[in-house]
Amino acid sequence: MARAKRENATIAGPSSPPVFRQLAPHEAEALLERNHVGRMAFTFHDSVDIEPISYVYTHGWLYGRTSHGTKLAILTHHHWVAFEVDEVAGQFDWRSVVIKGEFEIVPADLSGPDALAYIKALELLRQLAPDTWTEHDRVPFRNVLFRIHIDEIIGREATSTQSRTD
């Protein structure tokens, strides 16, 4: 029977347990800056939901966009969320950041007190997707800007140094 060859497979043996550590705040923030898709968890009564969300991180805030629907209706009244971003190379080679904070809609009122937040959110999202809210927008139904203030950030990492190639 032929055996498939695995290139650069990371295997943790009994003599080399993985090393787990907490990320320093600057490492956790760097992970958030490098990535643009995470998972937002929120609750309603006795139910928890988790949804993938595109985002941009800057200076203690996550910015994103969504559409009207059940999620937004829930978050309008129950605005505390957790948000997770991972980088995974293997079972014992990964980094993960979880933030906890408050979800808030950024109103599209350019004459109100949130005008600067709206302009900032749109500018950041256009760095990720330049067609945001233009005639070429690929997801025009995502017409609500939001941000999450990061009240707590926790980063963890697992590393394994033993590798072998079969």
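Positions within a chain are numbered from 1, following the residues in the order the chain's sequence is written. At least 70 in pLDDT is required for a residue's local features to be given in this predicted model, at least 80 for side-chain atom pairs to be given and counted, and no such filter applies to totals for whole chains, interfaces and linings, which use all residues. Based on all heavy atoms of the structure, the side-chain values leave hydrogens and waters out of the count.

(A) Focus on the pattern of salt bridges. In the sections that follow, a salt bridge refers to a side-chain nitrogen of Lys or Arg positioned within 4 Å of a carboxyl oxygen of Asp or Glu. Inspection of every chain in the model, using the stated rule, returns 11 salt bridges. A salt bridge links Arg-21 to Glu-27; the nearest nitrogen and oxygen atoms lie 2.6 Å apart. For the exposure calls, accessible area comes from a 1.4 Å probe over protein chains only, and a residue counts as buried if that area is under 20% of its type's maximum, exposed if over 50%, partly exposed in between. On the accessibility criterion, Arg-21 (30% relative accessible area) is partly exposed. Take Glu-27: its relative accessible area is 17%, and that puts it in the buried class. Across the salt bridge formed by Glu-157 and Arg-95, the nearest N and O atoms sit 2.7 Å from each other. A residue pair is termed long-range when its members are at least 10 positions apart, and Glu-157 in strand β8 (residues 144-159) and Arg-95 in strand β7 (residues 93-105) qualify at 62 residues. Three or more residues joined by partner-sharing salt bridges are found here, namely Arg-21, Glu-27, Arg-95 and Glu-157. Elements are defined by DSSP. Helices are runs of H or I of four residues or more, strands are runs of E of two residues or more, and each kind is numbered from the N terminus.

(B) Broad picture of the layout of surface pockets. The way it works is a 1 Å grid over only the protein atoms, where trapped points that fit a 1.4 Å probe form a cavity and open points with protein on both sides within 12 Å along at least five of seven lines form a pocket, and then any residue with an atom within 4 Å of a point lines it. Grid points are joined across faces, edges and corners, and a volume is the space filled by probe spheres set on the points. When its volume is computed, the largest pocket comes out at roughly 300 Å³. Every residue lining the largest pocket is counted, 18 residues in all, and those nearest its centre are Ser-54, Arg-65, Leu-128, Val-139 and Arg-142. Within the residue set of the lining of the largest pocket, elements represented by two or more residues are β3 (47-54), β5 (61-66) and α3 (115-128). Broken down by class, the residue content of the lining of the largest pocket amounts to 7 nonpolar, 4 polar and 7 charged. Amino acids outside the nonpolar list (Ala, Val, Leu, Ile, Met, Phe, Trp, Tyr, Cys, Pro) and the charged list (Asp, Glu, Lys, Arg) are all regarded as polar, and Gly is one of them.

(C) Quick peek at the side chain of Asn-35. Along the polypeptide, Asn-35 turns up in the loop between α1 (25-34) and β2 (37-44). Distance and chemistry together define a polar contact, namely a pair of N or O atoms within 3.5 Å, with one atom able to donate a hydrogen and the other to accept it when in protein, and with adjacent residues in sequence counting only for side-chain atoms on both sides. Of the polar contacts made by the side chain of Asn-35, one reaches the backbone oxygen of Leu-31; its length is 2.8 Å. Any two residues having at least one pair of non-hydrogen atoms within 4.5 Å are treated as being in contact. Not counting residues within four places of it along the chain, the set of residues in contact with Asn-35 comprises Tyr-55, Val-85 and Glu-87.

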